[in-house]
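Spelled out, the chains give:
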Amino acid sequence: MLKRLARFLVECLVALVLVCTGVLLWASYYIDTGEFRNRFTQTLENVLARPVTLDGDMDITVWPRLALTVEGLAIGDAPGFGNGPAVRFHEIAVSMRLIPLFSKDIEVESLELSGVEGVVIRNKKGVFNWQSLLDRTASGASGSSQEQDWTFAVNSVEILDAEILFHDEMGGTEYKLSGIDINTGTVSLGEDVPFSLKSDFSWADQGIIADLSLGGMVRVMDDGSPPVFSQTSVQAKVYGGFLPKNAEPGEFIAKVDLDWDKRTVTFEDFKASLFGLRAEGDVTSGDLEEGVDFKGHITVHPFAPRILIAKYAPELPIKDVDGLTSSAVAAFVRVTENGANFENLV
């Protein structure tokens, strides 16, 4: 009797393994068929109200964790902003645990986005190509009471080798962030999450290039409002064609405060160096949607003007000029795309 029971249990186990294997093989095959791909892109189009294309492979695993990999996914731009994609993903890989789903817990173990290519456009009327999508996301953030019963957490978010191009038709300029790498800790809605960001920045019109590092805490809200940053700091090394050939790259470090409602950014207690000058102070931007406009108070540490002029502008006739041996500056400064203006010089 016991032998028959043991044999029966073994046969059931083998049958279960075979069935699970068959289901996994079928799921892996079906997910990359034209039928499923069409359903997948159509669902995204209905949610985003944007055209969606998929020209890469898809793969899925169900056990021991639910994992999905999508390659070559692109989301189209808003009407009136051209025919190109607003964003394209070389690869999206997401892995989540199955068991917590039975308790209405969505626990994503990892979310990895690699090779992201995004385009941000502001047209001549001041409207952004992403505005309609952000408004749609915010309007649908409240959700039903049943949806709010679910909890959501992501243990790790990683964005690798991303690129963002900002084309400002209103201001007639263009900025580019490339080589962006972003890493976060566990993301839970409404809670502070540590993050780090590294990127290259270029402003071709002004010949400015920079290496950027940003780090701090970010809180992602569940009501669709913009994320809240805290304890955030930025470091930058600045170089490019605007510098003389023999000049060292500039450096900048500061605490950062973002105000989404006013669309401003403040650099507190910044320290900067350029052309051998060392400065510190606090500056605040105007409405970022209206272009570059920073103002604040700066203090330049003592320096020797004669040495700087001889090094960076040797053609100036200062050999027979007395003085210029020591100086320091404190002033209120305003910087725009047209240049810098100093007031109350001391």
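This structure is a prediction, so every number in the text was calculated from the model and none was measured. (Residues numbered from 1 in each chain as written. Predicted model: local features only at pLDDT ≥ 70, side-chain atom pairs only at ≥ 80, totals over all residues. Heavy atoms only, no water.)

*Asks:* Got a minute to help me understand the pairing of strand 14 (residues 264-274) in this structure?
*Replies:* One face of the sheet, then the other: side chains in a regular strand alternate in exactly this way. Where strand 13 (residues 250-259) meets strand 14, 8 bridges bridge the pair, whose relative direction is antiparallel. Bridge pairing links glutamate 251 to serine 273 in strand 14. Hairpin connection, strand 13 to strand 14: the antiparallel pair is bridged by 4 residues, and arginine 263 has positive phi, about 60 degrees. A loop of 2 residues connects strand 14 with strand 15 (residues 277-285), the two strands running antiparallel in sequence, and phenylalanine 275 in this loop sits at a positive phi of about 55 degrees. (Pairing = 2+ DSSP bridges. Helix = DSSP H or I, 4+ residues; strand = E, 2+ residues; numbered from the N terminus.)

*Asks:* Hey, could you run me through the environment of leucine 308 in this one?
*Replies:* Mapped onto the fold, leucine 308 is located in helix 5 (residues 305-312). Spatially, the C-alpha atom of leucine 308 lies 7.4 Å from that of phenylalanine 275, the residues being 33 residues apart in sequence. Aside from chain neighbours lying at most four places away, what touches leucine 308 is Phe275, Leu277, Phe303 and Ala313. (Contact = heavy atoms within 4.5 Å.)

*Asks:* Help me understand the pattern of salt bridges in this model?
*Replies:* According to the stated counting rule, one finds 8 salt bridges in the structure shown. Ionic pairing is found between arginine 88 and aspartate 55, a salt bridge with its closest N-O pair at 3.2 Å. Placement of arginine 88 in strand 4 (residues 85-96) and of aspartate 55 in the loop between strand 1 (52-54) and strand 2 (58-61) is noted, with a sequence separation of 33 residues between them. The class for aspartate 55 is exposed, based on a relative accessible area of 56%. Aspartate 168 serves as the salt-bridge partner of arginine 122, at 2.6 Å between the closest nitrogen and oxygen. Pair noted here: arginine 122 is in strand 5 (residues 105-122) and aspartate 168 is in strand 7 (residues 157-168), with a separation of 46 residues, a long-range link. (Salt bridge = Lys/Arg side-chain N within 4 Å of Asp/Glu carboxyl O. Buried < 20%, exposed > 50% of the residue type's maximum accessible area, 1.4 Å probe, protein only.)

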